[in-house]
Amino acid sequence: VQLQASGGGLVQAGGSLRLSCAASGRTFSSYAMGWFRQAPGKEREFVAAISRSGDRIYYKDSVKGRFTVSRDNAKNTVNLQINSLKPEDTAVYYCAADYSAGVVLPTTPRGYDYWGQGTLVTVSS
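Residues numbered from 1 in each chain as written. Predicted model: local features only at pLDDT ≥ 70, side-chain atom pairs only at ≥ 80, totals over all residues. Heavy atoms only, no water.

## Considerations on the pattern of salt bridges
Taken as a whole and judged by the stated rule, the model has six salt bridges. Between Asp89 and Arg37 there is a salt bridge, with its nearest N and O atoms 2.9 Å apart. Of the two residues, Asp89 is situated in the loop between strand E8 (77–82) and strand E9 (91–98) and Arg37 in strand E4 (residues 32–38); the sequence distance between them amounts to 52 residues. For Asp89, a relative accessible area of 1% corresponds to the buried category. Classification of Arg37 by relative accessible area gives buried; the value is 6%. Taking the shortest distance from any N to any O, the salt bridge between Glu45 and Lys60 comes out at 3.3 Å. Taken together, the positions of Glu45 in strand E5 (residues 45–50) and Lys60 in the loop between strand E6 (57–59) and strand E7 (67–72) put the pair 15 residues apart, joining distant regions of the chain. (Salt bridge = Lys/Arg side-chain N within 4 Å of Asp/Glu carboxyl O. Helix = DSSP H or I, 4+ residues; strand = E, 2+ residues; numbered from the N terminus. Buried < 20%, exposed > 50% of the residue type's maximum accessible area, 1.4 Å probe, protein only.)

This is the structure:
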């Protein structure tokens, strides 16, 4: 599967962005999807994950209540709505796909098989 993330940009603190990840190739609904982010000089960290059908969702604790992940299997897309942005949310955001996810969704980068190229989110204070 090929993944293409988009929707990043420069936004003021308190603003919102909607990131999208478009998938092509194998059946999108066969993949659990994840969002990660990587700030300059830091390791890539988990942000959110959603199961194949969307019935299970995980979030990083610090983004709960501000981030919402969703997917549309008919459109082969997964989205990340980010509200109340903070300067510490500044990072490159990546979408990722996992073909072998079980009941428990992976929350580490090594748990995902395919990655998009990333989209930069910059939050100014």
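## Description of the sheet that holds E7
Pairing within the open sheet is antiparallel, and its four strands lie in the order E1-E3-E8-E7. The open sheet has two free edges, formed respectively by strand E1 (2–6) and E7, since each of these has just one partner strand. Strand-to-strand twist in this sheet, taken as the mean axis angle between neighbours without regard to direction, amounts to 15°. Of the strand pairs in this sheet, strand E3 (residues 17–24) and E8 are connected by six bridges, and their pairing is antiparallel. Counterpart to Leu19 in the pairing with E8 is Leu80. (Pairing = 2+ DSSP bridges. Axes fitted to C-alpha atoms, helices over the stretch in contact; angles between N-to-C directions.)

## Describing the nonpolar core
Core analysis: the biggest nonpolar cluster contains 28 residues, and Leu3, Met33, Trp35, Val47, Val78, Leu80 and Tyr93 have the highest contact counts within it. Among the secondary structure elements, those contributing two or more residues to this core are E1, E3, E4, E5, E7, E8, E9 and strand E11 (119–124). Phe46, Ala96, Ala101 and Tyr112 belong to the second-largest nonpolar core, a separate cluster that totals eight residues. (Core = buried A, V, L, I, M, F, W, Y, C linked by side-chain atoms within 4.5 Å.)

## Let's talk about the packing of aromatic side chains
Using the criterion set out here, one finds seven aromatic pairs in the structure. Measuring from centroid to centroid gives 6.4 Å for Tyr94 and Trp115, while their planes differ by 80°, and the two rings are edge-to-face. You can see Tyr94 sitting in strand E9 and its partner Trp115 sitting in strand E10 (residues 114–115), a full 21 residues away along the chain. The class of Trp115 is partly exposed, set by a relative accessible area of 28%. The interplanar angle of 65° and the centroid separation of 6.3 Å between the aromatic rings of Tyr112 and Trp115 together place this pair among those described as edge-to-face. By relative accessible area, Tyr112 is classed as buried at 5%. Aromatic ring contacts, followed pair by pair, group Phe36, Phe46, Tyr94, Tyr112 and Trp115 into a single cluster. Here the basic side chain of Arg44 rests over the ring of Tyr94, its NZ or CZ set 3.7 Å away from the ring centre. Between the NZ or CZ atom of Arg71 and the centre of the ring of Phe28, over which it lies, the distance is 4.4 Å. (Phe/Tyr/Trp six-rings, centres within 6.5 Å; stacked < 30°, edge-to-face > 60°. Lys NZ or Arg CZ within 6 Å of the ring centre and 35° of its normal.)

Geometric descriptors of this kind do not, in isolation, establish any biological role.
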